[in-house]
Amino acid sequence: MTTLPPKEKRQVVRYGFYRLDPAWRRLTAERQASAKIEFGETLERYHGRLLLRPYGLVGIRGDCDFLLWQVAEDLDALVELQTALNRTDLGAYLTIPYSYLAMTRRSIYEFPADPGHEQRLVIQPSAAKYLFVYPFIKTRAWYSLAKPERQRMMDEHVRVGRKYPQIRLNTTYSYGLDDQEFIVAFEGDSPGEFLDLVMELRDSEASSYTLRDTPTFTCVQMSLWDMLDTLGGAGAAESVARRPAREDGFTPVASLSELPPGSAKRVYAANEAVALFNVDGTVYAIANRCSHARASLSEGTVDASRCTVTCPWHEGVFSLETGRVLSGPPALPVFAYRVKLEGDTILIALAEAHQPAIS
Ligand code: FES
């Protein structure tokens, strides 16, 4: 049997699939709205401690509504997160029809021509639009084959996979931790391409040693707030008290005491999510959604000396003064808003939001 590799650093991974009780949609709009905000802000508090990726399944599967892909350094973080979610108002209306626990580890097979294959000890999700997830169990007959024989079949698998370079595989291991042996999660931008890959893999010799590879989930990557809005009910953005614009075009959005120097905050104004930053006493406001794959920029990392924010997902760097892209994958800038302070009140000029030139 395989021996434990020396002290490799591993992560724990949970694929939690949640389903909303339709009774929630009959609550008042105010309660729906505040429940979304509470749930979303609870998740945001865990960013940094866990890697959290929301995916929507509304319109795709009938038995679950969203996935939270959770990656942590230890199991305690997963327990704490779920405990916090259970305490929220929305959490009282959620069930978890599927939950899969796994860990990263190195493959026991060798892929010299493809050194990155199966060796991911640290999960780094890509910007791909879709995630295709399923639990996987091999037959016991597979384990009684000699290792060179299994390696030969895995080589064939890899050869097929290489024909679909846009599809990226994340395999995590569940032996002894959960009912399945692996969780297989493919990232890609084309469901059709993934379908072709899976069909071709069915012809491979290793496929005859599959005991179970269902249920299968096709998940759509989206921002946390967009995902919450797929659940129906009042929009999260509508949930926050509407602050009407004044005659001078400025709208109060927060108080300065809520935004101490060095901090950031997401607020809503006219149904737009806006990221506020206090950089050494100066307040900046830009659109909260990254123009690349809609990550929440208020969770990004600020460089005060350059007056920039780095997107938490793929390290796109935006100017806080102009919204321009300074580096990284985003092709488009984000809106930058004029800001003024009146006493403790932060106001932004929605009408004067400007879209700077593309870098
Ligand atoms: S979401 Fe990809 S750089 Fe922001």
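Because the structure is a prediction, the values reported are computed rather than measured. (Residues numbered from 1 in each chain as written. Predicted model: local features only at pLDDT ≥ 70, side-chain atom pairs only at ≥ 80, totals over all residues. Heavy atoms only, no water.)

Participant: Quick question: what am I supposed to make of the state of the cysteines here?
Facilitator: In a disulfide, the sulfur atoms of two cysteines are held together by a covalent bond. Applying the stated criterion across every chain, the model contains zero disulfides. A disulfide-free cysteine, Cys64 has its sulfur positioned 7.4 Å from the sulfur of Cys219, the nearest such atom. Judged by relative accessible area, Cys64 falls into the buried class, the value being 0%. (Disulfide = S-S within 2.5 Å. Buried < 20%, exposed > 50% of the residue type's maximum accessible area, 1.4 Å probe, protein only.)

Participant: Whenever I open this one, the pattern of salt bridges confuses me. Can you help?
Facilitator: Pairing is possible between side chains of opposite charge, provided their charged atoms come close. Overall, the coordinates contain 16 salt bridges when judged by the stated rule. Note that Glu73 and Lys9 form a salt bridge whose closest N and O atoms lie 3.0 Å from each other. Pair noted here: Glu73 is in the loop between β3 (66-72) and α2 (75-86) and Lys9 is in the segment before β1 (12-20), with a separation of 64 residues, a long-range link. Residue classification places Lys9 among the exposed positions, given a relative accessible area of 54%. Taking the shortest distance from any N to any O, the salt bridge between Arg49 and Glu80 comes out at 2.6 Å. Residue Arg49 is located in the loop between α1 (29-45) and β2 (51-56), and its partner Glu80 is located in helix α2; the two are separated by 31 residues in the primary sequence. For Arg49, a relative accessible area of 40% corresponds to the partly exposed category. Three or more residues are tied together by salt bridges with common partners; here these are Glu149, Arg152 and Glu205. (Salt bridge = Lys/Arg side-chain N within 4 Å of Asp/Glu carboxyl O. Helix = DSSP H or I, 4+ residues; strand = E, 2+ residues; numbered from the N terminus.)

Participant: Hey, could you run me through the side chain of Asn288 in this one?
Facilitator: Here Asn288 lies in the loop between β13 (282-287) and β14 (301-303). Discounting chain neighbours no more than four positions away, the residues touching Asn288 are Arg266, Ala273, Val274, Ala275, Ala295, Ser296, Leu297 and Ser298. (Contact = heavy atoms within 4.5 Å.)

Participant: What is the right way to read the packing of aromatic side chains from this model?
Facilitator: According to the stated counting rule, one finds 21 aromatic pairs in the structure shown. Judged by centre distance (6.2 Å) and plane angle (45°), the ring pair of Tyr55 and Trp69 falls under tilted. A residue pair is termed long-range when its members are at least 10 positions apart, and Tyr55 in strand β2 and Trp69 in strand β3 qualify at 14 residues. A single burial state applies to Tyr55 and to Trp69, both of which are buried. Ring pairs connect the aromatic residues Tyr130, Phe132, Tyr134, Phe136, Tyr143, Tyr173, Tyr175, Phe182, Phe186 and Phe194, which therefore count as one cluster. Above the face of the Phe250 ring, Lys340 is positioned so that its terminal group lies 4.6 Å from the ring centre. (Phe/Tyr/Trp six-rings, centres within 6.5 Å; stacked < 30°, edge-to-face > 60°. Lys NZ or Arg CZ within 6 Å of the ring centre and 35° of its normal.)

Participant: What is the right way to read the side chain of Arg266 from this model?
Facilitator: Tracing the backbone through its elements, the reader meets Arg266 in strand β11 (residues 264-269). Here Arg266 is in contact with Glu41, Glu44, Trp225, Ala273, Val274, Asn288 and Ser298, once residues within four sequence places are set aside.

Participant: When you look at unusual backbone geometry in this model, what are you seeing that I'm missing?
Facilitator: Glycine aside, negative phi is the norm for most residues, and most peptide bonds take the trans geometry. For the bond running from Thr214 to Pro215, omega is 0°, close enough to zero to count as cis. Turning to its location among the elements, Pro215 is positioned in the loop between β8 (210-212) and β9 (217-221). Phi angles above zero are rare outside glycine, and Asp280 is one such case at about 50°. For Asp280, the location among the structural elements is in the loop between β12 (272-279) and β13.

Participant: Looking at this model, I keep getting lost on the packing of α1 against α2. Mind explaining?
Facilitator: A pair of packed helices can be characterised by two numbers: the angle between their axes and the separation between those axes. Where α1 meets α2, the axes come as close as 10 Å, and the angle between the chain directions of the two elements is 165°. Between α1 and α2, the crossing angle belongs to the class labelled roughly antiparallel. The element α1 and its partner α2 pack so that their crossing is right-handed. Residue-level inspection shows Phe39, Thr42 and Leu43 of α1 in contact with α2, the latter providing Leu81, Ala84 and Leu85. Its residues placed into classes, the contact of α1 with α2 shows five nonpolar, one polar and no charged. (Axes fitted to C-alpha atoms, helices over the stretch in contact; angles between N-to-C directions. Parallel < 35°, antiparallel > 145°, perpendicular 65-115°, else oblique. Left-handed = near helix turned anticlockwise from the far one by under 90°. Nonpolar A, V, L, I, M, F, W, Y, C, P; charged D, E, K, R; others polar.)

Participant: What am I meant to see in α1 here?
Facilitator: Three or four residues apart is the spacing at which side chains of an α-helix point the same way, because the helix has 3.6 residues per turn. Between its first and last C-alpha, α1 extends 24 Å over 17 residues, near the 24 Å set by a 1.5 Å rise per residue. Three or more residues of α1 are buried, namely Gln32, Ala33, Ala35, Lys36, Ile37, Phe39, Gly40, Thr42, Leu43 and Glu44. (Expected span 1.5 Å × (residues − 1).)

Participant: In this structure, what is going on with the sheet that holds β14? I would like to understand it.
Facilitator: Note: strands within a sheet are paired through backbone hydrogen bonds, in either parallel or antiparallel orientation. Reading across the sheet, the four strands line up as β14-β15-β16-β17 and stay open at both edges, with antiparallel pairing between neighbours. Two strands lie at the open edges of the sheet, namely β14 and β17 (325-327), each paired on one side alone. Ignoring strand direction, the axes of neighbouring strands in this sheet form an average angle of 30°. (Pairing = 2+ DSSP bridges.)

Participant: So what exactly am I meant to see when it comes to the confidence of the model for the chain here?
Facilitator: Fine structural detail should not be taken from predicted coordinates in areas where pLDDT scores are low. Across the chain, the average pLDDT comes to 88, with 90% of residues at or above 70. Every residue in residues 239-243 scores below 50 in pLDDT, and together they form 10 contacts with partners more than four places removed in sequence or on other chains. Low pLDDT, under 50, characterises residues 354-359; the predicted model gives this stretch 18 contacts beyond four residues in sequence or across chains. (pLDDT = per-residue confidence, 0-100.)

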